[in-house]
Amino acid sequence: MTLEVVRVPVLSDNYVWLVHDAASGETAVVDPAVAEPVLEAAAARGWRIGQILNTHWHPDHVGGNAAIVAATGARVIAPQGEQARIGTADRWVGEGDSVMIGAHRGRVLDVPGHTAGHIAYVFDDAGALFCGDTLFAMGCGRLFEGTPDQMFASLAKLMALPDATAVYCAHEYTASNGRFALTVEPGNAALADRMAEVVALRERGEATVPSTIALERATNPFTRARSVDEFAARRAGKDAFRG
């Protein structure tokens, strides 16, 4: 069983994800920062958006909600811990809940750290993780509302997924993340190889995501931190990094 996932680049470095089940014809959109390019991408494929899946409240993840709902009548599914921030949704979800795209079940995971109520959606049968700003390729989100303990636990939860799980994160931050990662683990051969590939991709103007859980286990300095203290030190280092 597979889902078709289409990357829609918007703003300066955001990725919105269109997720389509051919068998049922159902389409969802994850974290629409803006509406027009997302609606255009769906229309070009003959898809009608029926659901919006939000991972957290930041405007570059929910800014397109209202216009997409107005154009399509889509239902909005959003994190229950951020009702005061998002305002309106048709359904609020958290850990233990699930969403459906056709016959594909997506488990909801609580992954606080970047924001207090951040969630992720994992479709086990399709091997797909939509993690918003919790996990990035070779990086993780800044701790705007959460604590190092929370983010360390959230990343551990995601790293427990199967190696082949595709990681659909929401930003093209990989090159900067990789430059920082090399300062943390300069002797990591897998990291060096990956960074060379990232540089080549970006020089060609190509995207570096999705990633995989296996790649993040091998090359991400935040998932590879051995303790909360080590994670916190690395996160503080990245916050100050200008490379």
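Structural data are supplied above this passage.
Remember, predicted model here, so these are calculated numbers, not experimental data.

Rules used throughout
- Residues numbered from 1 in each chain as written.
- Predicted model: local features only at pLDDT ≥ 70, side-chain atom pairs only at ≥ 80, totals over all residues.
- Heavy atoms only, no water.
- 1 Å grid on protein atoms, 1.4 Å probe; cavity = no way out; pocket = protein on both sides within 12 Å on 5 of 7 lines; lining within 4 Å.
- Points joined across faces, edges and corners; volume = space filled by probe spheres on them.
- Helix = DSSP H or I, 4+ residues; strand = E, 2+ residues; numbered from the N terminus.
- Nonpolar A, V, L, I, M, F, W, Y, C, P; charged D, E, K, R; others polar.
- Core = buried A, V, L, I, M, F, W, Y, C linked by side-chain atoms within 4.5 Å.
- Buried < 20%, exposed > 50% of the residue type's maximum accessible area, 1.4 Å probe, protein only.
- Contact = heavy atoms within 4.5 Å.
- Phe/Tyr/Trp six-rings, centres within 6.5 Å; stacked < 30°, edge-to-face > 60°.
- Lys NZ or Arg CZ within 6 Å of the ring centre and 35° of its normal.
- Pairing = 2+ DSSP bridges.
- Axes fitted to C-alpha atoms, helices over the stretch in contact; angles between N-to-C directions.
- Arc of directions from axis to C-beta.

(A) The arrangement of the layout of surface pockets in detail. Taken as a whole, the largest pocket spans an internal volume of roughly 220 Å³. Along its surface, the largest pocket is lined by 15 residues, and Phe-136, Cys-140, Gly-141, Arg-142 and Tyr-173 are the ones closest to its centre. Listing elements by their share of the lining of the largest pocket, those giving two or more residues are helix H6 (174–184) and helix H9 (228–240). Residue composition of the lining of the largest pocket, by class: four nonpolar, six polar and five charged.

(B) Representation of the nonpolar core within the structure. Tyr-121, Phe-123, Leu-129, Phe-130, Cys-131, Leu-135 and Leu-158 are the most contacted members of the largest nonpolar core, which has 42 residues in total. It is strand E9 (residues 119–123) that contributes the most residues to this core, five residues altogether. Among all residues touching Leu-158, those that are not within four sequence positions of it are Leu-109, Val-111, Leu-129, Cys-131, Thr-134, Leu-135 and Ile-213. Ala-33, Ala-35, Val-38 and Val-76 belong to the second-largest nonpolar core, a separate cluster that totals 17 residues.

(C) Broad picture of the environment of Ala-84. For Ala-84, the position within the fold is in helix H4 (residues 83–86). Distance in space between the C-alpha atoms of Ala-84 and Gly-50 is 24 Å, their sequence separation being 34 residues.

(D) Representation of the packing of aromatic side chains. Here the structure, examined in full by the defined rule, presents nine aromatic pairs. Centroid distance Tyr-15 to Trp-17: 5.9 Å. Interplanar angle 55°. Geometry classified as tilted. There is no split in this pair, since Tyr-15 and Trp-17 are both buried. The interplanar angle of 85° and the centroid separation of 6.1 Å between the aromatic rings of Phe-123 and Phe-130 together place this pair among those described as edge-to-face. Side by side, Phe-123 and Phe-130 carry an identical accessibility label, which is buried. Aromatic ring contacts, followed pair by pair, group Tyr-15, Trp-17, Phe-123, Phe-130 and Tyr-168 into a single cluster. Residue placement shows Arg-85 over the ring face of Trp-57; its charged tip is 4.1 Å from the ring centre.

(E) Highlighting the sheet that holds strand E2 (residues 14–21). What the six strands build is an open sheet, ordered E1-E2-E3-E4-E5-E6; its pairing is mixed. Looking at the sheet topology across the chains shown, the edges are occupied by strand E1 (4–10) and strand E6 (91–93). If you compare each strand with its neighbour and ignore which way they point, the axes differ by 25° on average. Inspection of the sheet shows strand E4 (residues 49–53) paired to strand E5 (residues 75–79) by three bridges, in the parallel sense. Looking at E5, one finds that Gln-51 is bridged to Arg-75. On top of the sheet, helix H3 (residues 65–72) reaches strand E3 (26–30), E4 and E5; it is set at about 160° to E4, its chief contact.

(F) Structural view of the sheet that holds strand E10 (residues 128–132). As summarised here, the arrangement of the six strands in space is E7-E8-E9-E10-E13-E14, forming an open sheet in which the pairing is mixed. Sheet topology places strand E7 (98–101) and strand E14 (211–212) at the edges, where each strand pairs with a single neighbour. Against the sheet, helix H5 (residues 148–159) makes contact with strand E8 (104–110) and E10, and its axis sits at roughly 155° relative to E8, the strand it touches most.

(G) How the structure looks around H3. Inspection of H3 places Asn-65, Ile-68 and Thr-72 among the buried residues, and these make up the whole buried set. What you see down the axis of H3 is that its buried residues fit within an arc of 70°, all on one side. The outward face of H3, more than 90 degrees from its buried face, is lined by the exposed residues Ala-66 and Ala-70. The secondary structure elements touched by the buried residues of H3 are E3, helix H1 (36–44), E4, helix H2 (59–62) and E5.

Interpretation in functional terms is not warranted from these geometric data alone.
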